[in-house]
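Listed here are the chains, written in short residue letters.
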Amino acid sequence: MIDRVAQTAAVLALEPEVERIFHPDSYGYRPGRSPVDAVRVCRRRCFEKDWVVDLDVRSFFDSVPWDLMLKAEARHVTQEWVLLYVERWLKAPMQMPDGTLTRRTRGTPQGGPISPLIANLFLHYGLDMWLLREFPTVRFERFADDAVVHCVTERQAHQVREAIERRLGSVGLQLHPDKTRIVYCKDDRRRLDYGQVTFTFCGYAFRPRKTYDRVGKRSRTGFLPAVAPGKLTDMSRKIASWSLHRRTTRSLESLAEEVNPALRGWLNYFTVFYPSAVNPIGKRVDRHLMRWARRKYKRLERSEKRARDWLTGVRTRAPGLFAHWALRY
């Protein structure tokens, strides 16, 4: 607890100094910026450029070399105690569940308030400013160690990827060979047959998707973001862990009060783009609520149709009871 307070104090001292120099396309853990902002800019640039380099840095937070991180920080520290304490936090051993201490030689203290800031500072010099210098016409978005680089041609994409791999290697990092991909932003205008046409950024999966014109009558294919399948799986597992169907001693209102914060958080984030992709989550919650109703009310236990009609009636009478009922499905 004392460490967290001290790290927060260090952030308050260091952040104003480094915020002034950070690249405008760096979005991770910065005041007034969000993952949605990064996804929105990425979507626009995917319309403009045909190719993407989807970067995945292998074990970034466990691999950052301390000497280069402290060197970057020293350029902006105006109070010596900040540098002193950051070095101590970096080099502190890790305590294991059995109480033993494991010595560390690189990486940042994950979960601490200072980690996102010093990681951003490292990547500012390690990647952002290098890209600006070596490839001034190339645009990118970065959220912490997750980055997308936009290219005009496949050849340029390969050149940029290889150059970034060499650059990261020179600062002690590695690209993940399987998760770093060159992606073709395929849509109605782009007809090339290319094997990789999807990537994930900030929890959104970009790929060719059906969309409609403003009138809503003519369909076309656009390269659009929607909630990633992995995130849908994570949400489904979380919903299953609630075991709603077993809580028959609780009222429907108390269940809603408990689960709505999580549902509302998911919907606020994942319905910004292509909201219909989140509909399976709403349907899954409804299935759990129907199981709850069939266990709680004897008149419903033998008929799934009656349980569905009952839930439809509740939703009609109280459409705002559960957050996911704001979805259209």
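Parameters and conventions
- Residues numbered from 1 in each chain as written.
- Predicted model: local features only at pLDDT ≥ 70, side-chain atom pairs only at ≥ 80, totals over all residues.
- Heavy atoms only, no water.
- Helix = DSSP H or I, 4+ residues; strand = E, 2+ residues; numbered from the N terminus.
- Expected span 1.5 Å × (residues − 1).
- Bend = angle between axes of the 7 residues up to and from the residue.
- Buried < 20%, exposed > 50% of the residue type's maximum accessible area, 1.4 Å probe, protein only.
- Contact = heavy atoms within 4.5 Å.
- Salt bridge = Lys/Arg side-chain N within 4 Å of Asp/Glu carboxyl O.
- Pairing = 2+ DSSP bridges.
- Axes fitted to C-alpha atoms, helices over the stretch in contact; angles between N-to-C directions.
- Arc of directions from axis to C-beta.
- 1 Å grid on protein atoms, 1.4 Å probe; cavity = no way out; pocket = protein on both sides within 12 Å on 5 of 7 lines; lining within 4 Å.
- Points joined across faces, edges and corners; volume = space filled by probe spheres on them.
- Nonpolar A, V, L, I, M, F, W, Y, C, P; charged D, E, K, R; others polar.
- Parallel < 35°, antiparallel > 145°, perpendicular 65-115°, else oblique.
- Left-handed = near helix turned anticlockwise from the far one by under 90°.
- Disulfide = S-S within 2.5 Å.

Okay, helix α9 (residues 252-270) next. In an α-helix, one turn spans 3.6 residues; hence positions three or four apart end up facing the same way. The terminal C-alpha atoms of α9, which comprises 19 residues, lie 25 Å apart, in line with the 27 Å expected from a rise of 1.5 Å per residue. The sharpest bend along α9 reaches about 45° and sits at Val259, with the proline Pro261 one to four residues further on. For α9, the set of buried residues is Leu252, Leu255, Ala256, Val259, Asn260, Leu263, Trp266, Leu267, Tyr269 and Phe270. On its buried side, α9 packs onto α2 (35-48), β8 (204-212), β9 (219-227), α8 (229-241), α10 (279-296) and α11 (304-317).

Here the focus is the pattern of salt bridges. Evaluation of the coordinates by the stated rule reveals 17 salt bridges. Residues Arg45 and Glu141 are paired through a salt bridge, measuring 2.9 Å at the closest nitrogen-oxygen approach. Separated by 96 residues along the polypeptide, Arg45 in helix α2 and Glu141 in strand β4 (residues 139-143) bring together distant segments of the chain. Taken as a pair, Arg45 and Glu141 share a single burial class, namely buried. In this structure, a network of salt bridges that share partners links the residues Asp50, Asp187, Arg189 and Arg190.

Read from one edge of the open sheet, 3 strands run β7-β8-β9, paired in antiparallel fashion. Pairing within the sheet leaves two strands with one partner each, and these edge strands are β7 (199-201) and β9. Strand after strand, the sheet turns through a mean of 50° between neighbouring axes, direction not considered. With 9 bridges connecting them, β8 and β9 associate as antiparallel partners.

A few words on the sheet that holds β4. Here 4 strands make up an open sheet; going across it, the order is β4-β5-β1-β6 and the pairing antiparallel. Taken across any chain shown, the strands that pair with only one partner, and hence form the sheet edges, are β4 and β6 (181-184). Strand-to-strand twist across the sheet, computed as the mean angle between neighbouring axes with direction ignored, equals 20°. Looking at chain direction, strand β1 (residues 51-56) and β6 are connected through 4 bridges and run antiparallel. Its bridge partner lying in β6, Asp54 is registered against Arg181. Across the sheet, helix α6 (residues 115-134) lies against β1, β4 and β5 (146-151), angled at about 170° from β4, the strand it touches most.

Looking only at helix α4 (residues 66-74), the buried set comprises Trp66, Met69, Leu70, Ala72 and Glu73. Down the axis of α4, the sector holding all buried residues measures 160°, keeping them to one side. Opposite the packed face of α4, turned more than 90 degrees from it, sit the exposed residues Asp67 and Lys71. Where α4 is buried, its residues touch α1 (2-19), α5 (80-91) and α6.

What follows concerns the environment of Leu263. Mapped onto the fold, Leu263 is located in helix α9. Separated by 183 residues in sequence, Leu263 and Glu80 place their C-alpha atoms 44 Å apart. In this structure Leu263 touches Trp242, Val285, Ala323 and His324, once residues within four positions along its chain are discounted.

A word on empty space enclosed by the protein. Per the counting criterion, the structure on display carries 2 cavities of 30 Å³ or more. Counted as a void, the largest cavity has a volume near 40 Å³. Along its surface, the largest cavity is lined by Ala13, Leu14, Glu17, His76, Val77, Thr78, Gln79 and Val82. Of all the elements, α1 adds the most residues to the lining of the largest cavity, at 3 residues. Along the lines of polarity and charge, the residues of the lining of the largest cavity split into 4 nonpolar, 3 polar and 1 charged. Put simply, the second largest cavity is a space of about 30 Å³.

Viewed as axis vectors pointing N to C, α1 and α5 meet at an angle of 135°, and their least axial separation amounts to 10 Å. Between α1 and α5, the angle falls in the class oblique. For the pair α1 and α5, the crossing hand works out as left-handed. Only Trp81, Val82 and Trp89 of α5 make contact with α1, whose side of the interface consists of Asp3, Ala6, Gln7, Ala9, Ala10, Ala13 and Leu14. Each residue belonging to the contact of α1 with α5 can be placed in one class, and the counts come to 8 nonpolar, 1 polar and 1 charged.

Bringing the state of the cysteines into the picture now. Across all of its chains, the model carries 0 disulfides by this definition. No disulfide involves Cys46; its sulfur sits 4.0 Å from that of Cys185, the nearest cysteine. Accessibility expressed as a relative area gives 0% for Cys46, which makes it buried. Just so you know, Cys151 is unpaired, no disulfide at all, and the nearest cysteine sulfur is the one on Cys185, 9.7 Å from it. Given a relative accessible area of 0%, Cys151 falls into the buried group.

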